[in-house]
Structures are given as structure tokens and as C-alpha cells.
Amino acid sequence: MAGYRSARSGVLETMEDLYKRRQREVANLGAQADAAAHKAYGDAIRSGRDLVLQTQAEVRRYGADLLAGQKPKQTTAVAPTSHPAGAKRPTAQPKPAPKSTVQQAVDQTLAAARGAQDAFTLGLGDRAYAGTRALIDAANGADLGDAWRSRWGAEQARDQYDAKNYRTARMVGEIAGTGLGFVALGPVDAALAGGVRIAQAAPMVAREVAVLGGVGAGAGVVSQVVTDLQSRRSGSVGDYVGSAVGGAATALASTRGRPGQAGAIGGATTSIVQDALNGRPVAWGDASRAALAGEYAAAPFGLAGRAYSQGLTPVAKGELGELAGPVRTMANFRKPVPGGARVKLRSGKVTVLDEGDPAAWMSEQKFGTKVRDLSRNQTEAFNQFGDRYRVDHFLPRDVGAIVAYPFGQMGYHEILADEPT
């Protein structure tokens with residue numbers, strides 16, 4: 001019958017159906033060949049052999065040979081120089097032809113670019129690329145799980161290859177990518193730090209600084225516990241001390257109103273202190289990645305917290321200030337006293353306290369960037385009672401810093417958990 005062929009099942013199929021079936025079989029074979037080649041590439045790098053597949057055609061041909069059980073036609077493989085005692089020395093493989101100066105420059109540039117991308121995206125770029133390629137492989141008939149493992153293994157192997165053969169270029173790229181990340185979030189942090197406190201606002205005293213640092217240290221330890229539970233491992237004493245120091249550094253740096261910067265300081269501090277206390281050389285690359293992760297995680301949430309508090313009604317802002325005041329009172333080791341007390345001034349006028357005991361200490365709470373000064377009666381009270389009359393002026397950036405704090409810690413702890421110990 002013209003135009004028809006017998007399919008394997010005995011059912012007649014048209015030439016068009018045959019053509020489509022052959023296309024699917026070829027695509028499936030191609031995806032399987034790609035996966036086999038990428039797995040071989042990763043295995044070669046991890047075992048100390050250099051395997052260079054420069055084009056997609058070479059990748060597919062190499063994988064097809066592996067699937068067919070044939071010796072792949074690839075000559076750019078260099079066997080390891082060390083061999084176990086008594087083992088038979090493998091047959092020497094032909095050395096690759098020397099690369100031209102232009103090709104060497106291109107390879108160095110690509111290695112630097114990959115290093116910059118890894119640093120800027122904290123390794124998520126490799127995962128995204130591997131995932132995209134795995135989805136394409138799966139669409140062509142490959143198993144998604146196998147395709148993902150193959151593609152991700154190839155990306156890891158390529159990074160290892162770059163670190164081994166283009167170490168300087170990759171390091172320069174990582175430094176550039178890290179710097180670019182800080183520059184990219186600079187405007188966000190600058191926007192977060194806006195707002196000026198009124199002149200009468202009481203600065204933090206030593207005991208408040210000590211309490212803030214202690215709370216930050218405790219939060220750092222909690223973050224380490226959560227990280228250990230997620231990774232199913234037990235951190236060392238050095239890990240916990242480093243997390244406490246980093247948590248304290250993050251909390252104290254947050255007083256500047258730049259949560260991204262605070263997260264970066266905390267991430268770098270945690271990494272450096274943990275390395276030092278665990279007897280490891282300080283890994284500046286890990287410290288920079290932890291710093292960038294802390295900034296990436298903290299800045300957006302800080303911006304959200306600031307925007308939310310900035311958008312509150314005047315009444316809600318006043319209530320927020322009055323809610324934050326007792327927290328500062330407790331940091332000064334005093335028991336909060338409900339407000340509402342009326343205090344008579346020398347002039348005969350009266351001011352109503354937001355908090356405090358007129359016989360001991362008093363406080364006035366303000367919130368918002370539009371606050372420019374105290375009222376006339378509040379100014380008289382400030383001048384009359386001196387240190388007994390504490391003025392608190394909270395800004396939206398303070399809310400942003402509080403909201404961002406735990407996210408910054410989670411960000412850099414996640415990165416440090418992935419680093420080898």
C-alpha cells in the first residue's frame with residue numbers, strides 16, 4: 001500500500017507518522033547522548049583527567065559512542081600523574097595541541113565571567129542553567145531526574161576545572177561579581193538609611209549597646225541551631241561562637257539603619273571567626289559570599305519594613321512609637337510604666353507623659369521622618385528635667401532593620417552551611 005509502512009505493533013502507519021516517530025527517537029537518543037557525555041565530563045574532572053568537548057557536536061558524538069559501548073573518539077584526555085602502588089600504568093594519551101594566544105585569552109575570559117556569575121548569583125545561576133537544560137532534555141525524552149543530575153554535575157565539574165586550570169582568572173571574576181552585588185544593592189541600602197532624628201533624641205548608652213549585642217548573639221546561636229537541623233549535622237563549638245559573634249555584629253551594625261550592610265558585616269564576621277576558631281585558614285572567598293548573601297537577604301525585607309511603617313497613618317505611627325518605647329526602657333533595666341501621667345512645669349503649663357513615673361524618670365516617644373522637634377511644653381520638660389526626661393525618636397529605618405535582621409542571618413547561614421568544613 002503506497003504511502004504506508006508496517007509499524008512494530010503490526011498497525012499500519014503513514015510516512016508522516018513514521019517520520020515523526022523517527023524524529024522522536026533521534027531526539028531521545030540525542031538527549032541520552034548529551035546526558036552520558038555530561039556525566040563522563042564530570043567524572044573525568046573529579047578523577048583528575050582533563051576532558052575537553054568544545055562543541056555540541058563533540059558532546060553528542062562522545063555520548064553516542066559511550067551508549068553504543070564503543071571507545072569514544074576523543075583524544076584530549078590526560079591521565080593523572082599519580083598511580084597507586086603496584087597498579088598498572090595506563091597507556092599514555094596524546095597531549096592536546098597547544099592553544100593559540102587568542103584561544104587562551106578567550107578561555108581565561110570565560111572562566112572569569114563564570115566566576116563573576118557564580119559570585120553574583122551565589123551559585124544560583126549554575127543551578128538555573130542546569131535546570132533549564134535538564135527540562136529541555138526531559139522534553140526530548142530524557143528522564144528529568146537523570147538529566148538534572150547530569151547537567152548539575154557538569155556545571156560543578158566545569159567550576160572545578162576553572163578553579164584548577166584558570167585559578168587567577170576565576171578569582172578575579174569572583175571578586176568582580178561580589179563587588180557588583182554590593183554596588184547593585186547600594187541604592188537600596190541608601191534609601192533605607194534615610195531620616196534624621198530630632199536633636200533631643202537620647203543616644204544609645206553603654207548598657208543598651210550591651211543588651212543589643214547580647215540579643216544579637218543569642219539570635220546568632222539560634223540561627224546556627226536552625227542551620228544544623230536543616231543540614232542534619234552538629235556544629236562545632238567554634239561554629240556556635242562564630243555565629244554568636246556574627247549575630248552581635250549584625251545587631252550592632254543595624255543601628256546605622258542599613259540592614260543590607262549589617263547583614264554583610266554579620267556574614268563576613270561569622271565566616272572569619274568560625275574559620276579562626278576551627279583552626280582553618282580564613283577563606284576570604286567564603287567570607288565574601290556570606291557577606292553578599294547577608295546583604296541580598298536583608299535589604300529587600302528591610303525595604304519592605306520601612307515602606308510599611310512609612311505608610312502608616314499618623315495615629316498608627318504614634319502608637320508604634322509608644323510600643324517601641326517600653327522596649328528601650330527594659331534595655332535600660334527599668335520596668336515600663338504606663339503613660340498618661342500629667343506633669344506640671346515651672347511655667348504652670350502641663351505636659352502628658354507617654355511613659356514613666358514623674359517622681360523618678362519620664363519619656364516621650366516620637367515616630368516618623370516628619371517629626372522635626374518637640375512641642376513647646378515637651379521642650380520645657382526636656383530642659384527642666386534633664387536626664388530624667390528621655391526622648392525616643394524612632395524612624396521607619398529602625399523598623400526596616402528589625403524586620404530584616406533574621407532574614408540577613410538566615411541568608412548568610414545558608415551559604416556557610418554549604419561550604420566544606
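Residues numbered from 1 in each chain as written. Predicted model: local features only at pLDDT ≥ 70, side-chain atom pairs only at ≥ 80, totals over all residues. Heavy atoms only, no water.

Enquirer: I tried to follow the overall build of the protein chain on my own but got confused; where do I start?
Expert: Scanning the protein chain from terminus to terminus reveals 13 helices and nine strands. Here the contacts in the protein chain between residues at least 6 apart in sequence split such that 69% fall between residues at least 24 apart. With an accessible surface of roughly 23,000 Å², the protein chain has 61% of that area assigned to carbon and sulfur atoms. (Helix = DSSP H or I, 4+ residues; strand = E, 2+ residues; numbered from the N terminus. Contact = heavy atoms within 4.5 Å. Areas by Shrake-Rupley, 256 points an atom, 1.4 Å probe, with all protein chains shown as cover.)

Enquirer: What exactly am I supposed to notice about unusual backbone geometry here?
Expert: Generally, phi is negative for residues other than glycine and the peptide bonds are trans, each holding for most cases. Phi at Arg232 takes a positive value of approximately 55 degrees, unusual for a residue other than glycine. Inspection of the secondary structure puts Arg232 in the loop between helix 7 (206–231) and helix 8 (237–253). Overall, Arg232 belongs to the exposed group, its relative accessible area being 80%. One non-glycine residue, Phe333, lies in the positive phi region at around 60 degrees. Looking at the secondary structure, you find Phe333 in the loop between helix 11 (314–331) and strand 5 (342–344). Here Phe333 falls in the exposed class, since its relative accessible area comes to 62%. (Buried < 20%, exposed > 50% of the residue type's maximum accessible area, 1.4 Å probe, protein only.)

Enquirer: Would you mind going over a nonpolar patch on the surface with me for this structure?
Expert: A contiguous nonpolar patch, built from Val237, Val241, Val245 and Leu277 and spanning about 340 Å² of accessible area, is present on the exposed surface. Note on Val245: relative accessible area 36%, which makes it partly exposed. (Patch = residues over 30% accessible without salt bridge, like charges linked within 9 Å, V, L, I, M, F, W, Y side chains within 5 Å. Salt bridge = Lys/Arg side-chain N within 4 Å of Asp/Glu carboxyl O.)

Enquirer: How do you make sense of the environment of Val188 when you look at a structure like this?
Expert: On the secondary structure map, Val188 appears in helix 6 (residues 167–192). On the accessibility criterion, Val188 (23% relative accessible area) is partly exposed. For Val188, the contacting residues outside a window of four places in its chain are Ala299 and Leu303.

Enquirer: I keep staring at the sheet that holds strand 7 (residues 355–357) and nothing clicks. Help me out?
Expert: Note: strands within a sheet are paired through backbone hydrogen bonds, in either parallel or antiparallel orientation. Spatially, the three strands line up as an open sheet ordered 7-8-9, and their pairing is mixed. Only two strands of the sheet have a single partner each, and these edge strands are strand 7 and strand 9 (389–394). Strand after strand, the sheet turns through a mean of 15 degrees between neighbouring axes, direction not considered. Bridge count between strand 7 and strand 8 (residues 361–367): three bridges; the pairing is antiparallel. Note on strand 8: the bridge partner recorded for Gly356 is Met362. (Pairing = 2+ DSSP bridges. Axes fitted to C-alpha atoms, helices over the stretch in contact; angles between N-to-C directions.)

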